[in-house]
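Examination of the molecular architecture
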Amino acid sequence: MGKIGLNRVLKKVVRRMLSVQNLWSYKYMQLYGYLYAIIPVYRFLFGKEEMKQRLIKEWSYFNTQPYMSSYILALHSKMLLLNEDEAKIVSMRNSLMAPLASIGDSFFWFNLRTFLIAFCTLSVALLVEGFKGTVFVALAIGLAFFNYVHFYYRMGGFKRTFRHGRLAFKFTKKFYFFEKTLNYSSYLLFVVSFSLVLSKVFEMTDVKTSIWFYIFIFFMIADYLVIKYIRREWAVFLFNLAVAVLLVTWGII
Amino acid sequence: MMITLTVFSLISGLLAIENLIWGQFMLSRPIIFIPLAVLILTIFFDLPPEFRYFLLTGAVVLELFYLFSLPIGSSYVPNQVLSGNFLIVALLFLKKQGFVINGNNWATSLVLLLSLAILVSFVSAYFDILLRKFNSYLVEYSKRYILSGEFKTFESVAKWGFILFFSLNFIQLYSYFFLMVLFSKQILSFIEPGSELNLIFIIFIVGFVAKIALNIFRKLRRNDLPIYPALLLIILTLLSGISPLWNLLTVLLFIVFLIKEGKGVRNG
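As the structure is a computational prediction, the values presented were derived from the model and not from experiment. (Residues numbered from 1 in each chain as written. Chains lettered and ligands numbered in written order. Predicted model: local features only at pLDDT ≥ 70, side-chain atom pairs only at ≥ 80, totals over all residues. Heavy atoms only, no water.)

Averaged over every residue, the pLDDT of chain B is 77; residues scoring 70 or more account for 69%. Of the regions scoring below 50 in pLDDT, residues 217-226 of chain B engages in 31 contacts with residues more than four places distant in sequence or in other chains. (pLDDT = per-residue confidence, 0-100. Contact = heavy atoms within 4.5 Å.)

The following block contains the structure:
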């Protein structure tokens, strides 16, 4: 059980961690992918009989945000290395999966991914405007940024958590600020890119670009105000419907 | 066309794996892979500019439509990979049939093909649900290998996850394409000239914009939002008095959204 052997096993866990959602099922969710990733550590540390006894205790559903599963896998590996009781490990796994999923969904899915998509939408808008070469560089930059942050938390999170033997993740003010910045900057990017795409697309038609552009901006601002001050679903719907009917009437006339 | 279809079916299968099973590096987002496909098609097959704009606009609209369909827990997620690939192959097929995009028919064709692509993604989600149910049996079955100490065999079950998911997406794109080919004459005849239909397009876009604005500011419940574009489309098609296919398509979309809403409410 040398250090080189352990490092090799941990690298295998990290590789397998990428397919934690494999065989996702309604009954067990990510259980198969999770066990598939952690099995090399069991094989490294225990004999066949003990491995069997321990793994059968792990047989209950598991589900978290796929990027955040690395923290749980790292703690699991560390606890196995310290020869902790399997019941304690299962308890750790079950208590961490929901809070980490909540943080991961909010940060990665709602904010970082939205930022990437807004950035790429703007790049595509620029492609429509004719900057062919730069847009693919921009797409690559967007993907590189997303995956840098993704790997920082996914791979780096595994490494740091395993090294310290505790959850190496802090929900600090700095993190919250980063999340909020991504959220609002993505909204701005969407507005700019959508206007660019629409203005180019409407040039292909016989309708004046400026009219459509102003209608679009009007809807953006008006919908935002309705949402902000009235805060009712039916109000937004009725407002959109009324303007749509007006536009149709105007179009027919 | 068969070679193109096979290539896009292969891409569809691989991207679906990247989207759900392995990695999640965001290569499978429509805003990433459709522009890349456009670039390749432009370099190697000299795709005309109007088809390029068409696909890029389609990529933006699809991306925004699926932006908040998140794979959280057991949520019901439409298949955006299949949807994007279907949009590309459908357009390439229509191009081969002699379809030309011009100032009069671009809005109609865009809304028609996007509606079909969105329908495909929702139908495909039901096959995903079936596969996830089947996976429950497969994982349950693999438990016996742990009990008998055959850990190598337990690990070898992993490959079935990849094979099944790849095949499901590969076969589906083929099937939806051939369904579209069956109705291609009707589709081409319904893409009629008439610039007043551009109005439908702008309302369609406004629906998406409203959806995004609502989602970003999170003032309303996420699950209620996709219904607006569908409702607006239905009202507009009824008001415009255009072809019955439009009404049929919008009603179908509306039903799909209602089912989605129902599931969203049930899932809490």
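And the narrative resumes.
Under the criterion given, the structure shown has 9 salt bridges over all chains. Between Glu155 of chain B and Arg43 of chain A there is a salt bridge; the shortest N-O distance is 2.4 Å. Remark: Arg43 of chain A occurs in helix α2 (residues 31-45) and Glu155 of chain B occurs in helix α6 (residues 151-156); the pair is interchain, linking two chains. Taking the relative accessible area as the measure of exposure, Glu155 of chain B reaches 8% and is therefore buried. (Salt bridge = Lys/Arg side-chain N within 4 Å of Asp/Glu carboxyl O. Helix = DSSP H or I, 4+ residues; strand = E, 2+ residues; numbered from the N terminus. Buried < 20%, exposed > 50% of the residue type's maximum accessible area, 1.4 Å probe, protein only.)

The next subject is the packing of helix α5 (residues 106-147) of chain B against helix α7 (residues 158-182) of chain B. Residues and elements named next belong to chain B. Following both chains from N to C, one finds α5 and α7 inclined at 155°, their axes separated by 11 Å at the closest point. Between α5 and α7, the crossing angle belongs to the class labelled roughly antiparallel. Where α5 crosses over α7, the two elements pack in a sense that is right-handed. For the pair formed by α5 and α7, the contact residues are Val120, Val123, Ser124, Phe127, Asp128, Leu131, Phe134, Asn135 and Leu138 on the first element and Trp160, Leu164, Phe165, Leu168, Gln172 and Tyr176 on the second. Among the residues forming the contact of α5 with α7, the class breakdown is 11 nonpolar, 3 polar and 1 charged. (Axes fitted to C-alpha atoms, helices over the stretch in contact; angles between N-to-C directions. Parallel < 35°, antiparallel > 145°, perpendicular 65-115°, else oblique. Left-handed = near helix turned anticlockwise from the far one by under 90°. Nonpolar A, V, L, I, M, F, W, Y, C, P; charged D, E, K, R; others polar.)

Residues Arg8, Lys11, Lys12 and Arg15 of chain A together with Lys152 of chain B make up a contiguous surface patch of positive charge. In terms of residue count, helix α1 (residues 3-17) of chain A provides more of the positive patch than any other element does, 4 residues in total. (Patch = residues over 30% accessible without salt bridge, like charges linked within 9 Å, V, L, I, M, F, W, Y side chains within 5 Å. Areas by Shrake-Rupley, 256 points an atom, 1.4 Å probe, with all protein chains shown as cover. Lys, Arg positive; Asp, Glu negative; His and termini not counted. Charge placed at Lys NZ, Arg CZ, Asp CG, Glu CD.)

Right, let's talk about the packing of helix α3 (residues 49-66) of chain B against helix α4 (residues 80-96) of chain B for a bit. Geometry of a packed helix pair, given as the angle between the helix axes and the separation of the axes. Residues and elements named next belong to chain B. Between α3 and α4, the least distance of the axes is 11 Å, while the angle of their chain directions is 160°. As far as their axial angle goes, α4 and α3 are roughly antiparallel. Pair α3 / α4 crosses with right-handed handedness. Mapping the contact onto sequence places Phe51, Phe54, Leu55, Gly58, Leu62 and Tyr66 in α3 and Gln80, Ser83, Gly84, Leu87, Ile88, Leu91 and Lys95 in α4. Looking at side-chain class alone, the contact of α3 with α4 contains 8 nonpolar, 4 polar and 1 charged residues.

Time to look at the packing of aromatic side chains. A full pass over the atoms with the stated rule returns 25 aromatic pairs over all chains. With 4.9 Å between their ring centres and 90° between their planes, Tyr67 of chain A and Phe108 of chain A make a pair best called edge-to-face. Here the residue Tyr67 of chain A occupies a position in the loop between α3 (48-57) and α4 (69-81), and Phe108 of chain A occupies one in helix α5 (residues 86-128), the gap between them amounting to 41 residues. In terms of burial, Tyr67 of chain A and Phe108 of chain A fall into one category: buried. Over the ring of Phe162 of chain A we find Lys78 of chain A, and its NZ or CZ is 5.0 Å from the ring centre. Its end group placed over the ring of Phe51 of chain B, Lys95 of chain B keeps NZ or CZ at 5.9 Å from the ring centre. (Phe/Tyr/Trp six-rings, centres within 6.5 Å; stacked < 30°, edge-to-face > 60°. Lys NZ or Arg CZ within 6 Å of the ring centre and 35° of its normal.)

Residues and elements named next belong to chain A. For α2, with 15 residues, the first-to-last C-alpha span of 21 Å sits near the 21 Å given by 1.5 Å per residue. At Ile38, α2 is bent by approximately 40°, the largest bend along its length, and proline Pro40 sits one to four residues beyond. For α2, a buried count of 12 out of 15 residues is recorded, marking the element as mostly surrounded by other parts of the structure. (Expected span 1.5 Å × (residues − 1). Bend = angle between axes of the 7 residues up to and from the residue.)

An α-helical turn contains 3.6 residues, so any two residues separated by three or four positions project in the same direction. Along its 13 residues, α4 of chain A runs 18 Å from first to last C-alpha, staying within 8% of the 18 Å computed at 1.5 Å per residue. Every buried residue of α4 of chain A is accounted for by Ser69, Ser70, Tyr71, Ile72, Leu73, Ala74, Leu75, His76, Ser77, Met79 and Leu80 of chain A.

Right, let's talk about the confidence of the model for chain A for a bit. For chain A, per-residue confidence averages 80 on the pLDDT scale, and 69% of positions sit at 70 or higher. Least confident of the elements in chain A is helix α8 (residues 209-230) of chain A, whose mean pLDDT is 56; most confident is α2 of chain A, at 95.

This part is about the side chain of Glu18 of chain B. As for its position among the elements, Glu18 of chain B is in helix α1 (residues 2-20). In this structure, Glu18 of chain B is buried with no salt-bridge partner, the nearest side chain bearing the opposite charge being Arg154 of chain A at 8.2 Å. Within polar-contact distance, the side chain of Glu18 of chain B engages the side chain of Ser28 of chain B at 2.9 Å. (Polar contact = N/O pair within 3.5 Å; in protein donor to acceptor, adjacent residues only side chain to side chain.)

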